[in-house]
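So the chains spell out like this:
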Amino acid sequence: MRIYGFQPCREFHIVVLGTGGVGKSCLTAQFVHNEWIESYDPTIEDSYRTQVSVDGRQVMLEILDTAGTEQFVAMRDLYMKAGQGFLLVFSITSQASLDELSTLREEIIRIKDDEKIPIVMVGNKADLLDQRAVDRKEAFAISQQWNAPYYEASARTRTNVDQVFIDLCRQMLRRDDSGYNDDDDYNGGTRNGGGGGGGYGCGQKQEDGSHGSMMKKRRRKRKGDHKCIIM
Amino acid sequence: MSVMLQTPSRASTGSTTSVQPLSRQNTMSSYEGSRSARQSKRYSMSALYMSMSANESDLIIEDELARAQKVLRDLKTKISSQSKKNFVLEKDVRYLDSRIALLIQNRMALEEQNEVASHLEDATDIQEGAFPNDDRTQKYGNLLFLLQSEPRHIAHLCRLVTMAEIDSLLQTVMFTIYGNQYESREEHLLLTMFQSVLTYQFDNTPEYSSLLRANTPVSRMMTTYTRRGPGQSFLKSVLADRINSLIELKDLDLEINPLKVYERMIEEAEAKDPESPEAMLPKGITQEEAAENPKVQEIINPRLTMLTEIANGFLETIIEGLEETPYGIRWICKQIRSLTKRKYPDANDQVICTLIGSFFFLRFINPAIVTPKSYMLIDGTPADKPRKTLTYVAKMLQNLANKPSYAKEPYMAKLQPFIHANKDKVNRFMLELCDVQDFYETLEMDNYVALSKKDLQLDITLNEIYAMHGLLEKHAGELYKDENSHLAIIMSELGPAPPQVPRKENRVINLPLFSRWETAIDDLTAALDITQEEVFFMEAKSIFVQIIRTIPANSSVARRPLRLERIADAAATSKNDAVMVRKGIRAMELLSQLQELKVVDKSDQFALLRDEVEQELQHLGSLKEVVMAETIKLEEVYKTIRDHNAYLVSQLDTYKSYLHNVRSQSEGKTRKQQKQQVLGPYKFTHQQLEKEGVIQKSNVPDNRRANIYFNFTSPLPGTFVISLHYKGRNRGLLELDLKLDDLLEMQKDNQDDLDLEYVQFNVPKVLALLNKRFARKKGW
């Protein structure tokens, strides 16, 4: 009989979002493989899996690295449904890349129907100080409005790379511990159909005017997430 | 002599093609002749002549070619205007998509409901209107002409606007100012605009790795551009068949990620026999460990072979499609090549091809492969497994274009043989893509022609004009610092930009375009700096071609070799055809003038002119087939975008009915609800529903289907009862209560199957049917 270490390993889906060329893949590859990607290699869709230890607990992460190129926008819905935590990445060298995050965040909240969905905001390319175009204060202010932690990171120098992923894991763990029912989040991407009378109003009469199939979720307040981590 | 500059209609600018498409042909489609600049100038000049003379109404030629060309031209106009309608509708549907979820959950405030409702007002057909006074019309006409003919202003604006401002700019630029998708002048001006922004981007992107990566207003425009008529028909012809045959194989699993394969293997084993050795394998192993598992390898290896085969198939059709690739797309590739060379003089082909690939594959081909539904290539959403396969194909193609870093997904390295086998081929292909002629010469020509037209006009809505006015005003400090510039002068005369008008009051204005600084050109010959001989020669050629096209092919005059004098004579003496007589006389005059100028020689039967006329005729002969082939292709495109339009309209209708329903319910709380009337039952046979696609899968045996029918009833607005009956039995076999909310939500989640045990309904089709059948005046 094993007692030690048999605590079931949590599994979380992380989705990395942000506009093209901000360094989503570089951050992810640094985190998972400890490698710096030099080549010009735009992503269409990559998935990674890695196990990390967060505050002494083992967590299995499935990380989906997405296309920043806007032409692939039709894939976003699917990603967002599957994700449980989101890294919103921009480049501190481009104001426009920051501006695009708010649309992404709105979309996540709409699709997850959850304003407290774990999000970490990352200003990447922090090593390119001479090209900085986004004021740290500005980015931080936005992150506060969103109730999300803000990190400035550099995939190239491997600064704050682990921290952003770990922070996201903590948020997801905290939700999980608090009994937040995210089962339906987890299954969001899969089909629910099939099998006779189940679901979607089939076979059972519903009260007039009620909207039966929407499950109302319990909301919890999260505390202590207002921080700005700088290098 | 005076050049024939009548006032052809605007439509005929686009239709220069209609009579003499030489210059067009060389720019709009992508084949390229290796002619000297001089020749090409002569060539396009003669095209110009023919086009202009043909625009004189009494010179219209009525042969098969001309008729075929007219059909094609009309089709092109329809595609352009339909595209714009779809674009506008899509915007509304997108907006509503994002709002309807809130509405379903009853979480929308009344004001917002009203806002939503305003998007649903019948704005699809905006009425025509005019500015209250002539002065406004003139000034805006002048402004729009300036914006259209000098693309640098819009290029500059593109760099200044934020992503939030882009939507209205995009619509006006892509579908109005340069909205004629098949008209060479507008196409070329639009491409010039792209070029100018691309140049700026190259000059201002410090790092190579960031080039062409960001999403910017102009990348948005390029997306829209690649999805207009020509791009859409190309994608359809190159990709649709391959994608469709792939997604039919719903259960074909080509996952090659060892971890996923490993997990799925265990899951399946557990389901079959929890005691089997596979089911007992440890979980939570690393990717490397999974990849080493022999069972996993056994599963993956044949999949690698299949993926390679599939990707090779895609690649093959893409490469074969070289000549079909729209001119504009190839020209953009060419610009990327020259900009790269300029920025990095030492760049090798690999570097150049990487950047071309970041446009051609990353922004054009691969998005269509990965999300074929949003490119109108397939109807439904692909199932998970085919979707994954398509993603692999796109990744493999992208890897060909770039230098893949297997640091991201190490298992992709297994596909390296595919890369090695095709790398050179793809690089060659991408360089060949760039192999198209520039259009500057013809553009200059087209601009002259445009200036010489007295009725150039643009259909544009009030709100488009005002939004453009507002954007220019907002960025005045950057756009027109010099207060003496034309733009500054017009803008100061126009004064402050009016606010947007409510949708109901929006009007389409038919705005005459003109320039008040450039006087209309009356003497094109002088403007283009060509000699009198050339003018005569080209006019002669044009007239002879017209005459020969008009006379029956079997008449003795048309016998080869052509005797030009005899042809002119026959035309001049033809009976009951004044136009022909005039042409004949003119042809004779021209022959003698050319003889005097020693351009042609009677003693060799005017061989120089005769040979060119002959060449022209041959070209026109094959042209007819080209035109017919193109017509067939474009009819396909037109059908696709009309179908898409029908889909968008039905989508809007559904939302509309739903919203009415919600609002009448909330009204009902205060006001005594009107008596709700039960609608239906409406009866449908199995066969009917199958034909309409409502039934997408049936488990009913074939010989029983004739006995199955369905009743649809709506007891209350927004509530439906579908019952399934078997002939001869009193009671239904099955009854299903449906709420519109549920259907909408399923649709929103891309969940297409509605399970009725015996049959499976298609959700969007059910919605369309309910909508058609139960639309109530107010609510459902």
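As annotated in an unreviewed UniProt entry, chain B carries the name GTPase activating protein Sar1 and is attributed to Pseudoneurospora amorphoporcata.

With an unreviewed UniProt entry as reference, chain A is termed Ras-related protein RSR1, source organism Pseudoneurospora amorphoporcata. As its UniProt record puts it under Subcellular location (unreviewed entry), chain A is described as follows: "Cell membrane". The Sequence similarities (unreviewed entry) field of the UniProt record for chain A holds the comment "Belongs to the small GTPase superfamily. Ras family."

Student: Mind laying out the overall build of chain B, listing which residues take part and the relevant values?
Tutor: Per the secondary structure count, chain B includes 31 helices and 10 strands. Out of the 780 residues belonging to chain B, those deemed buried represent 55%. As displayed, chain B offers around 34700 Å² of accessible surface, 50% of which is attributable to carbon and sulfur atoms.

Student: So what about the sheet that holds strand 3 (residues 508-512) of chain B? Which residues, and what values?
Tutor: Residue and element names in this part refer to chain B. Strand order across the open sheet formed by three strands is 1-3-2, with mixed pairing between neighbours. Edge strands, defined here as strands with exactly one partner in the open sheet, are strand 1 (128-129) and strand 2 (457-461). The sheet contact formed by strand 1 and strand 3 spans two bridges and is parallel. Within strand 3, the position partnered with Glu128 by the bridge is Val508. Along the sheet, helix 21 (residues 462-474) makes contact with strand 2 and strand 3, crossing strand 2 at roughly 90 degrees.

Student: Tell me about the packing of aromatic side chains, and please be specific about residues and values.
Tutor: All names here are of chain B. This structure, assessed with the given rule, holds 16 aromatic pairs over all chains. Geometrically, the ring pair formed by Phe234 and Phe364 is stacked, given 5.7 Å between the ring centres and 15 degrees between the ring planes. Placement of the pair is Phe234 in helix 12 (residues 229-248) and Phe364 in helix 17 (residues 349-370), with a sequence separation of 130 residues. The exposure classification of Phe234 matches that of Phe364, with both residues buried. Aromatic pair Phe710 and Phe761: ring centres 5.5 Å apart, planes at 55 degrees, arrangement tilted. With Phe710 in strand 6 (residues 708-716) and Phe761 in strand 10 (residues 759-762), this pair connects stretches of sequence that are 51 residues apart. No difference in accessibility class separates Phe710 from Phe761, as the two residues are buried. One aromatic cluster is present, built from ring pairs that chain together Phe234, Phe360, Phe361, Phe364 and Phe429. Between Arg227 and the ring centre of Tyr375, over which it is positioned, the NZ or CZ distance is 4.3 Å.

Student: Explain the UniProt feature "domain: Ras-GAP" (unreviewed entry) in chain B residue by residue, including any values.
Tutor: The feature "domain: Ras-GAP" (unreviewed entry), as annotated in UniProt, sits at residues 185-402 of chain B in this numbering. Note that residues 185-402 of chain B is 71% helix and 0% strand, and that its end C-alpha atoms are spaced 34 Å apart.

Student: Go over the nonpolar core with me, naming the residues and quoting the values.
Tutor: Residues and elements named next belong to chain B. If you look at the biggest cluster of nonpolar residues, it comprises 156 residues, and the most contacted ones within it are Phe194 and Leu239. With 13 residues, the single largest contributor to this core is helix 17. Here Leu239 is in contact with Phe314, Ile318, Ile365, Ala368, Ile369 and Leu377, once residues within four sequence places are set aside. Ranked by size, the runner-up nonpolar core spans 43 residues in total, among them Tyr95, Leu96, Leu659 and Leu743.

Student: I'd like to hear about the pattern of salt bridges, residue by residue, with values.
Tutor: Scanning all chains against the criterion turns up 47 salt bridges over all chains. Here Asp74(B) ties to Lys70(B) by a salt bridge, and the two come within 3.0 Å at their closest N and O atoms. Placement of both Asp74(B) and Lys70(B) in helix 5 (residues 64-104) is noted, with a separation of four residues, approximately one turn of the helix. A relative accessible area of 32% means that Asp74(B) is categorised as partly exposed. Put simply, Arg586(B) and Glu539(B) hold a salt bridge, and the shortest N to O gap is 2.9 Å. On the criterion of sequence distance, the pair formed by Arg586(B) in helix 27 (residues 578-596) and Glu539(B) in helix 25 (residues 532-550) is long-range, its members being 47 residues apart. Through salt bridges with shared partners, one network takes in Asp41(A), Asp46(A), Lys395(B), Lys408(B) and Glu409(B).

Student: Go over the sheet that holds strand 5 (residues 695-698) of chain B with me, naming the residues and quoting the values.
Tutor: Residues and elements named next belong to chain B. One open sheet holds the three strands; their spatial order is 5-10-9, and the pairing between them is antiparallel. Strands with a single pairing partner mark the edges of an open sheet, and in this sheet they are strand 5 and strand 9 (753-755). Each adjacent strand pair in this sheet contributes to an overall mean axis angle of 25 degrees, direction not counted. Where strand 9 and strand 10 come together, three bridges link them in antiparallel fashion.

Thresholds applied
- Residues numbered from 1 in each chain as written.
- Chains lettered and ligands numbered in written order.
- Predicted model: local features only at pLDDT ≥ 70, side-chain atom pairs only at ≥ 80, totals over all residues.
- Heavy atoms only, no water.
- UniProt positions renumbered as here; feature names shortened; annotations may be inferred.
- Helix = DSSP H or I, 4+ residues; strand = E, 2+ residues; numbered from the N terminus.
- Buried < 20%, exposed > 50% of the residue type's maximum accessible area, 1.4 Å probe, protein only.
- Areas by Shrake-Rupley, 256 points an atom, 1.4 Å probe, with all protein chains shown as cover.
- Pairing = 2+ DSSP bridges.
- Contact = heavy atoms within 4.5 Å.
- Axes fitted to C-alpha atoms, helices over the stretch in contact; angles between N-to-C directions.
- Phe/Tyr/Trp six-rings, centres within 6.5 Å; stacked < 30°, edge-to-face > 60°.
- Lys NZ or Arg CZ within 6 Å of the ring centre and 35° of its normal.
- Core = buried A, V, L, I, M, F, W, Y, C linked by side-chain atoms within 4.5 Å.
- Salt bridge = Lys/Arg side-chain N within 4 Å of Asp/Glu carboxyl O.

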